[in-house]
Structures are given as structure tokens and as C-alpha cells.
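Topology and contacts: notes
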Amino acid sequence: MTTELYVLTLAALLQVVQYVLMAVPANLELGVGKTLSPRDPDRMDKPLQEQMSPVTGRLYRALNNHFEGLILFTIAVVVVTLADQSSPVTRFCAHTYLIARLIYIPAYAQGLRPWRSLIWFVGFAATVTMLIAALI
């Protein structure tokens, strides 16, 4: 297994951890009656995300953000791996992406501005660099 695939696996496991970090407080705050419901708009006062505490809402958004980032990172890892373009640069970028995602969770939960956005950008730039490195 390449380093990039290994880091992708860790990033997927981080996604699971993020889900738990968001789901546990969401269920405690809203109750399982709401979280297990079909969430039909006509049966709810407002979307569940808007009913969560600010921190739980941020954890929810951080989770969704990782889903979005993980798509591009997965593409980068697959391209690097299938093209046999793994290098010290791509390995460094893979680790950088994962570290940025780890740091992003508490930064977002705490509402750290502008640091949250800068941390996100580091992970994004690492992913883009992997894609460019695969072409060179």
C-alpha cells in the first residue's frame, strides 16, 4: 500500500470519528425522536442543523466540509497511485492534508477566525499540489 493510500484510509477513519463527534451531541441536544425522524420540512419548525447548539452546528458543518474535501483528496490519491507518481512531495502533501483536517475540527468547533479558513486552505493546497505533481 502506498503512503498516499494509507493516509487516505486514515482520512476516511477520521471521517468516522468526525461523524461520532457530531452525532453524539446532536442526539443528546435534539433527542432521538428528532434525529431518527424522516425530517420532513412540514413536520419540523426548522432544519435540525438550525436546532443544534452553535458548537454542534459547527461540528456538523466541519463534517460536511470534510466530505467535500475528501472527494478531491481521494481523486488525488487515486491519480498518484494509478499513475505510479508517488514521490516525497506527494507523500508530504498527503500527510499535510491529514494533519490539516485533524487541526480543522477543533478550529472550526471553536469558531477560530481566520485560522479555520487558513487551515482549510493548507489541506486544499496540499491536495492540488498532489494533482499537479501527478502530471509532472
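Notes on the structure in this doc start here. Residue numbers here run from 1 along each chain, matching the order of that chain's written sequence. Thresholds applied to this predicted model are a pLDDT of at least 70 for local features of residues and 80 or more for the giving and counting of side-chain atom pairs; totals over whole chains, interfaces and linings are not thresholded and use all residues. With hydrogens and water excluded, all non-hydrogen atoms of the structure serve as input to the side-chain values.

**Re the overall build of the chain**
Note the threshold: Going along the chain from the N terminus, every DSSP run of H or I of four or more residues is numbered as a helix, and every run of E of two or more is numbered as a strand. The Shrake-Rupley method, run with a 1.4 Å probe, gives the accessible areas here. Residue values count only the displayed protein chains as cover. Under this rule, positive means Lys or Arg and negative means Asp or Glu; His and the chain ends count for nothing. Positions of charges follow a simple convention, taking NZ of Lys, CZ of Arg, CG of Asp or CD of Glu.
Along the backbone of the chain there are six helices and zero strands. Going residue by residue from the N terminus, the α and β elements of the chain occur as α-α-α-α-α-α. Counting only C-alpha atoms, the chain reaches 55 × 30 × 20 Å along its principal axes. Surface accessibility of the chain: about 8100 Å² in total, with carbon and sulfur atoms responsible for 68%. Separation of charge centres in the chain, based on 10 positive and 8 negative side chains, amounts to 8 Å.

**Looking at the nonpolar core**
Basically, it comes down to this: Think of a nonpolar core as a cluster: buried Ala, Val, Leu, Ile, Met, Phe, Trp, Tyr and Cys residues, connected wherever their side-chain atoms sit within 4.5 Å. Each residue is placed in one exposure class: buried if its accessible area under a 1.4 Å probe, protein chains only, is under 20% of its type's maximum, exposed if it is over 50%, and partly exposed if it falls in between. Residues are treated as being in contact if the distance between any of their heavy atoms lies within 4.5 Å.
Judged by nonpolar contacts, the single largest core of 26 residues is most densely connected at Ala-11, Met-22, Leu-70, Phe-73, Tyr-97 and Met-130. Listing elements by their share of this core, those giving two or more residues are α1 (3-30), α4 (54-82), α5 (88-109) and α6 (115-135). Every residue in contact with Ala-11, bar those within four places of it in the chain, is listed here: His-66, Leu-70, Phe-73, Tyr-97 and Leu-98. Counting six residues, the second-largest nonpolar core is a separate cluster that includes Ala-62, Ala-100, Ala-107 and Tyr-108.

**A closer look at the packing of aromatic side chains**
Rules: Only Phe, Tyr and Trp rings take part, Trp by its six-membered ring, and two of them pair if their centres are within 6.5 Å. Stacked means planes under 30 degrees apart, edge-to-face means over 60, and tilted covers everything else.
All chains considered together, the criterion is met by three aromatic pairs. Between Phe-73 and Tyr-97, the ring centres sit 4.0 Å apart and the planes meet at 5 degrees, which makes this aromatic pair stacked. With Phe-73 in helix α4 and Tyr-97 in helix α5, the pair connects residues that are 24 residues apart, well separated along the chain. The interplanar angle of 10 degrees and the centroid separation of 5.0 Å between the aromatic rings of Trp-120 and Phe-124 together place this pair among those described as stacked. Taken together, the residues Trp-120 and Phe-124, both in helix α6 and four residues apart, mark about one turn of the helix. Here Trp-120 falls in the partly exposed class, since its relative accessible area comes to 33%.

**Structural notes on the side chain of Thr-127**
With respect to the helices and strands, the residue Thr-127 is situated in helix α6. When neighbours within four sequence positions are excluded, Thr-127 is seen to be in contact with Leu-72, Phe-73, Ala-76 and Tyr-97.

**As for α6**
Formally: Under the convention used throughout, the expected extent of a helix is 1.5 Å for every residue step, that is, one less than its residue count.
Taking 1.5 Å of rise per residue, the 21 residues of α6 would be expected to cover 30 Å, and the 31 Å separating its terminal C-alpha atoms lies within 8% of that figure. In this structure, the buried residues of α6 make contact with α1, α4 and α5.

**Notes on unusual backbone geometry**
The amide bond that connects Arg-113 to the next residue, Pro-114, takes the cis arrangement and shows omega of -5 degrees. Structurally, the position occupied by Pro-114 is in the loop between α5 and α6. For Asp-84, which is not a glycine, the phi torsion comes out positive at approximately 55 degrees. Locating Asp-84 in the fold gives a position in the loop between α4 and α5.

**Some points on α5**
Its 22 residues place the ends of α5 32 Å apart at the C-alpha level, agreeing with the 32 Å of an ideal helix rising 1.5 Å per residue. Directly after α5, the chain includes Gly-111, whose backbone phi takes a positive value near 70 degrees.

**Structural notes on the side chain of Thr-56**
What counts, and what does not: What qualifies as a polar contact is a pair of N or O atoms within 3.5 Å, subject to a donor-acceptor requirement within protein and to the restriction that residues adjacent in sequence count only when both atoms come from side chains.
With respect to the secondary-structure elements, Thr-56 resides in helix α4. Polar contacts involving the side chain of Thr-56 include one to the side chain of Glu-29, which spans 2.6 Å. Separated by 3.1 Å, the side chains of Thr-56 and Ser-53 make a polar contact. Leave out the neighbours within four places in its chain, and Thr-56 touches Met-22, Pro-25, Ala-26 and Glu-29.

Everything listed here is a matter of coordinates, which is why it stays silent on function.
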